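# Geometric and topological summary
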Amino acid sequence: MRLKDLLADLLREKGIERIYTPIRMESRDPIQQIAVHVANGKINICKAEKETRFSYSLDGKFVDKPADAFAGNCKGEMILSREELVEKAEVNFPYIIVDCSFFDLHSEKEKSRLKVQLKATLGVIRDFMWDAKLVVTGKSIPSSILSNLSPNTLLYSSIADFIKENSVKNIILLDPSAEKVFTGEKAECYIIGGIVDKSGDKKGLTGRIGEMLRREGIKFESMRIELRGDVVGVPDRINAVAEMVLLSVLDGLAVEETIKKVQSPLVARWRLKKELPKISKRVDGRKAFRFVKKSDFRQFNWLNIAFKDFLEVSRQLGFLVLSDDLSAEIEKLDFDPVKRRYIFR
């Protein structure tokens, strides 16, 4: 369930089937955008006072029918307020905490990337929930880094301050070094390390977040997101981690599906580079070589790659990509060191 689904359910209970709004649509999902605006306190929903020529159905389709309700700065009879929507929504949606306690360990370039990833994470939050479900923690984050965020985003000096003030109990820390694997477990709060690791050695910093929580007496579970037994190929950008979690816990997708959905071709190629040597075959001789079959590409439908990626990674590894027929013939060959040529077995 996303916030739009809750909004649609509440409106249907009130006999509303179509809605009109004058706000500029910045999303391909108009009902979610309306829901976010309502939850952020920017608009309310009232009875439509004037007949409109078009509207949106509650499943987000643009229709040539008059609206039952108006979403905007209402002057008519109120149908749904921010308070009613948020009260119903609070129990259904988790907090995403991005902890930036280690902000000062970043280079200027990494700080700039962190700013970009925080903005992208807010965009992800808005696709599923609303702005107040994003929490950014850390004492030394300058306002310039936070400038892309919403006034509704929650800012705290530490995770512990937020958790204690809001009485949050069920907490998952997403740590690539954790022993337990995340399989879509639901929680009130998911913690992501605000760490951009492009220089220096930042390995283990997320684990140190866990140490800080233990010192505060806060109970939590550490979990890693992995893809078929390995973290290689799992997107690690802050916004990507948030999206994978929300696709799993709110949309009900399997974790492997969420990884493929969020995975960039570059990250997918990293994993393919690790997998291809496992299935390649070696031909010995004066010029030994390795090869894979074109049809091997089909084995990797769990990665977000195209056939051109398969060819490129094979080239980088120095592997030939052969047709299945030619591969079958080559597999019949043996190199005869006396005759110094290949012979059929």
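Placed above this text is the structure.
Residues numbered from 1 in each chain as written. Predicted model: local features only at pLDDT ≥ 70, side-chain atom pairs only at ≥ 80, totals over all residues. Heavy atoms only, no water.

As a further point, take the overall build of the protein chain. A tally of helices and strands in the protein chain yields twelve helices and 18 strands. Its C-alpha atoms give the protein chain a radius of gyration of 26 Å, more than 25% over the compact-globule value 20 Å for 345 residues. Taken over the C-alpha atoms alone, the protein chain extends approximately 95 × 55 × 35 Å along its principal axes. Here the protein chain holds 345 residues, and the buried ones make up 46% of them. Long-range pairs, those at least 24 residues apart, make up 70% of the contacts in the protein chain with a sequence separation of at least 6. When the accessible area of the protein chain is evaluated, it comes to approximately 18200 Å², of which 48% is carbon and sulfur surface. Separation between the mean location of the 60 positive side-chain charges and that of the 51 negative ones in the protein chain comes to 6 Å. (Helix = DSSP H or I, 4+ residues; strand = E, 2+ residues; numbered from the N terminus. Rg over C-alpha atoms; globule rule 2.2 N^0.38 Å. Buried < 20%, exposed > 50% of the residue type's maximum accessible area, 1.4 Å probe, protein only. Contact = heavy atoms within 4.5 Å. Areas by Shrake-Rupley, 256 points an atom, 1.4 Å probe, with all protein chains shown as cover. Lys, Arg positive; Asp, Glu negative; His and termini not counted. Charge placed at Lys NZ, Arg CZ, Asp CG, Glu CD.)

This next bit is on the side chain of His37. You can see His37 is positioned in helix 2 (residues 30-39). Excluding its chain neighbours within four sequence positions, the residues that come into contact with His37 are Ile23, Lys42 and Ile43.

Each turn of an α-helix holds 3.6 residues, which means side chains three or four residues apart point in the same direction. What helix 11 (residues 307-317) keeps buried is the set Asp309, Phe310, Val313 and Ser314. Relative to the axis of helix 11, the buried residues are bounded by an arc of 135 degrees and lie together on one face. Exposed residues lying more than 90 degrees from the buried face of helix 11 are Lys308 and Arg315. Positioned one or two residues after helix 11, Gly318 has a phi angle of 80 degrees, which is positive. (Arc of directions from axis to C-beta.)

Along the chain, Val249 falls in helix 8 (residues 238-249). Relative accessible area serves as the criterion here: at 7%, Val249 is assigned to the buried category. A C-alpha to C-alpha distance of 5.6 Å links Val249 and Gly184, two positions 65 residues apart in sequence. Setting aside anything within four residues of it in sequence, one finds Val249 in contact with Phe182, Gly184, Glu185, Lys186 and Tyr190.

Our focus in this paragraph is the state of the cysteines. A complete count under the given rule lists one disulfide for this structure. In this model, Cys46 is linked to Cys74 through a disulfide, with the two sulfur atoms separated by 2.1 Å. Taking the torsion about the sulfur-sulfur bond, which here is approximately 135 degrees, the covalent link between Cys46 and Cys74 counts as right-handed. Placement of the pair is Cys46 in strand 2 (residues 44-47) and Cys74 in the loop between strand 5 (69-72) and strand 6 (78-80), with a sequence separation of 28 residues. (Disulfide = S-S within 2.5 Å.)

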